[in-house]
Amino acid sequence: PCSSFSGVTCFLSRVTILSLGTTSLPLAGTLPAESISQLTELTQLILSPGIVTGPIPPQLDRLTKLRVISLPSNRFNGPIPSFSSLVNLHTLDLSHNQLAGSLPPSLTELPQLKVLILASNTLTGTLPRTVTSPLLHLDLKNNQLTGPLPISLPSSLRYLSLSQNLMWGPLTNGLETLSELVFLDLSMNHFSGPIPAQLFSFPTLSNIFLQRNNFSGGLGLELESGSSGPGLRPKPGSIVDLSHNALSGELSTVFDGVESLFLNNNKFVGSVPEVYIKSVCRGSTRTLY
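Residues numbered from 1 in each chain as written. Predicted model: local features only at pLDDT ≥ 70, side-chain atom pairs only at ≥ 80, totals over all residues. Heavy atoms only, no water.

Here we take up the sheet that holds strand E9 (residues 98-101). Within the open sheet, the five strands sit side by side as E3-E5-E7-E9-E11. Their pairing is parallel. Strands with a single pairing partner mark the edges of an open sheet, and in this sheet they are strand E3 (28-30) and strand E11 (122-123). The pairing of E9 with E11 spans two bridges and is parallel. Paired with Gly101 across the strands is Leu123, a residue of E11. (Pairing = 2+ DSSP bridges. Helix = DSSP H or I, 4+ residues; strand = E, 2+ residues; numbered from the N terminus.)

The following block contains the structure:
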């Protein structure tokens, strides 16, 4: 296979990478568990979108050199294996399948895991209370997860999406240490309580999606843009969507510089800050809704 099969990479006559399937010729069938479990030098298992069915073989846990498992947009079903032995795993993408059951706690304890994408499955249950993996990217959107946020998330996180689940509770503890965060999407859940003012002071955060929850309270007027206090930094393409909540009080100017701002369907009072009106009247590319 090292010389005759496309998508098979070898080193010293041992298979190290399987990258199989194309968009024009999608794979079908199931993963042969026992055959793959013999590829002990395998570092990457990548299947292109296709119609591969059946469970993800738990025997993959024997392949301790695996760094990448990428099986998105197929038809895998059943639970997610624990993968507790994959101490070198860097990327796990099982998104857009038919996986069910809860999130194995061992997944968020893997010492090298940086990218975890399980979006668009039918996962249930709660998230682990503590996530110790050094994640940069965590995407669990469009599942059926419940419960509150973990009380501890890795400070290395740059991308966090839990949108379109059934999660609830306040935004406390877990988010307060995420100073490297660039993208945050918790929309379409049942989160409640105030939005922490610290969220608007993270230096890298440019996209915040908290719409369609049950958030209440004000927006932290002490973080006025242009004052000595911190505020969201103006960034090209930045978006803040807090629409369809129960937020109240007067509007803060903390969002001056955000290109697209959505505050509709809340309970705000008072006037629209002058800086927002001026930016729209100047014909800038900013959107206020």
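Quick look at the confidence of the model for the chain now. A residue-level look at the chain finds 91% of positions with pLDDT of 70 or above and a mean pLDDT of 90. For residues 221-230, every residue scores under 50 in pLDDT, and the model assigns this stretch 16 contacts once sequence neighbours within four places are set aside. (pLDDT = per-residue confidence, 0-100. Contact = heavy atoms within 4.5 Å.)

Positionally, Ile36 belongs in helix H1 (residues 33-37). The buried category is assigned to Ile36, whose relative accessible area is 7%. Ile36 sits 27 residues away from Leu63 along the chain, and the two C-alpha atoms are 8.8 Å apart. (Buried < 20%, exposed > 50% of the residue type's maximum accessible area, 1.4 Å probe, protein only.)

Each pair of aromatic rings is reported with the distance of its centres and the angle of its planes. What the rule picks out here adds up to three aromatic pairs. Centre to centre, the rings of Phe183 and Phe209 are 5.6 Å apart; their planes meet at 45°, and the pair counts as tilted. Of this pair, Phe183 sits in strand E16 (residues 183-185) while Phe209 is found in strand E18 (residues 207-209), placing the two residues 26 residues apart along the sequence. Here Phe183 matches Phe209 in class, with each residue buried. With a centroid separation of 5.1 Å and 80° between ring planes, the pair formed by Phe200 and Phe255 is classed as edge-to-face. One end of the pair, Phe200, is in the loop between strand E17 (190-193) and E18; the other, Phe255, is in the loop between strand E21 (246-250) and strand E22 (260-262), with 55 residues separating them in the sequence. Each member of the pair, Phe200 as well as Phe255, carries the same accessibility label: buried. Ring-pair connections join several aromatic residues into one group, and the members of that group are Tyr159, Phe183 and Phe209. (Phe/Tyr/Trp six-rings, centres within 6.5 Å; stacked < 30°, edge-to-face > 60°.)

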